[in-house]
Amino acid sequence: MTSKELSVDLRDRIVSRHKSGEGYRKICAALKVPMSTVASIIRKWKKFETTRTLPIAGRPSKLSNWGRRAFVRQVTKNPMVTLSELQRSSVERGEPSRRTTISAAIHQSGLYGRVARWKPLLSKRHMAACLEFGKRHLKDSQTLRNKILWSDETKIELCVNARRLVWRKPGTALHQANTITTVKHGGGSIMLWGCFSAAGTGRLVRIKGKMTAAMYRDTLDENLLQNALDLGLGRRFIFQQDNNPKHTAKISKEWLQDNSVNILEWPSQSPDLNSIEHLWRDLRMAVHRHFPSNLMELERCYKEEWTKLAKDRCAKLVASYSKRLEAVIAAKGTSTKY
């Protein structure tokens, strides 16, 4: 918060006392002014021989207060409006402005351009289900949460055309050491199925082709019970999966029932509730730091990095699950920071 400016009379009295030989501490006590302020005023007087407020350096802004408020109203009403659109609107108002002027005016109001986050489209039914889930499970014990095996699928893309900084001298942009090879139409991607619990990560399975209900059942048959055993969950663990059609297909349900797997009832369109999303993000960041150039390298990287994910990270995600539910409740079932 900006402090109140001292009156000219008080500033003159500070300088007058300084001229008479009084020290900073004595002036500060007599006039009830902070010592740093006293020192600043005296320094200014010594340098400019005045205590008056000096004019601000630089050319005055050509943008009127009315125009500045108009820009703020536009971005408040439509946060995704572009600088080009704002510039065109300034011309229509008869006050054409540069893009840098527009940005500076908006920044002064505490608004800054940032990359928009991707969030699922939520209906009222989805929001109500997420809110109800949050309220129902907020008071679950930590012991119960430690028995949950969280699962999901994700796609990791081969970002061969991603930006990468390079140190180089002028005129060497096209030297082979300073370039990255590109692939038309992207470099492909890999679909993965994984799971984790408070005890750590389970197996990471590559899904070849488009996953069907039959493939999902086979993935569970080959990995689920063994994962629970490896993570020390025993046979009475709770399995979390979302409501993807292949998860709720008849053959998937039958396998889960035949193997007496307890299912955590899950609301649709609710990635904010699944802690494994954080592990997927960690995995992508770790893999892309290697800059794999083909799918073979990508597969090797994700296998290596998945095993490196710390058990402490998994434990903290489960331990902090109450905060995630509290955020959903506070948002009344809508999207959260998670």
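- As recorded in an unreviewed UniProt entry, the protein chain goes by the name TCB1 transposase, listed as coming from Polypterus senegalus.

1. A short note on the UniProt feature "domain: Transposase Tc1-like" (unreviewed entry) in the protein chain
Part 1: In the numbering used here, UniProt assigns the "domain: Transposase Tc1-like" (unreviewed entry) feature to residues 68-139.
Part 2: Across residues 68-139 one finds 60% helix and 0% strand; the C-alpha atoms that close the span lie 49 Å apart.

2. Comments concerning the pairing of strand 2 (residues 189-197)
Part 1: Burial analysis of strand 2 places 7 of its 9 residues in the buried class, which makes it a mostly covered element.
Part 2: As judged from the 8 bridges shared by strand 1 (residues 148-157) and strand 2, these two strands associate in the antiparallel manner. The residue bridging Lys155 from the neighbouring strand is Met191, located in strand 2.
Part 3: Bridge count for strand 2 against strand 4 (residues 205-207) is 3 bridges, and the pairing is antiparallel. Looking across to strand 4, one finds that Met191 is bridged to Ile207.
Part 4: Taken together, the 2 bridges between strand 2 and strand 3 (residues 200-201) define a ladder with antiparallel strand orientation. By the bridge assignment for strand 3, Phe196 is matched with Thr201.
Part 5: Between strand 2 and strand 3, which pair antiparallel and follow one another directly, the connecting turn spans 2 residues.

3. Let's talk about the pattern of salt bridges
As a working rule, side chains carrying opposite charge can pair if their charged atoms are close by.
Part 1: Under the defined criterion, the tally for this structure stands at 11 salt bridges.
Part 2: Between Glu157 and Lys155 there is a salt bridge, with the nearest N and O atoms lying 4.0 Å from each other.
Part 3: When its relative accessible area of 41% is taken as the criterion, Glu157 is described as partly exposed.
Part 4: Take Lys155: its relative accessible area is 42%, and that puts it in the partly exposed class.
Part 5: Measuring nitrogen to oxygen at the nearest pair gives 3.3 Å for the salt bridge that ties Asp218 to Arg217.
Part 6: Residue class for Asp218 comes out partly exposed when judged on its relative accessible area of 33%.
Part 7: Judged by relative accessible area, which is 29%, Arg217 ranks as partly exposed.

Procedures and definitions
Residues numbered from 1 in each chain as written. Predicted model: local features only at pLDDT ≥ 70, side-chain atom pairs only at ≥ 80, totals over all residues. Heavy atoms only, no water. UniProt positions renumbered as here; feature names shortened; annotations may be inferred. Helix = DSSP H or I, 4+ residues; strand = E, 2+ residues; numbered from the N terminus. Buried < 20%, exposed > 50% of the residue type's maximum accessible area, 1.4 Å probe, protein only. Pairing = 2+ DSSP bridges. Salt bridge = Lys/Arg side-chain N within 4 Å of Asp/Glu carboxyl O.

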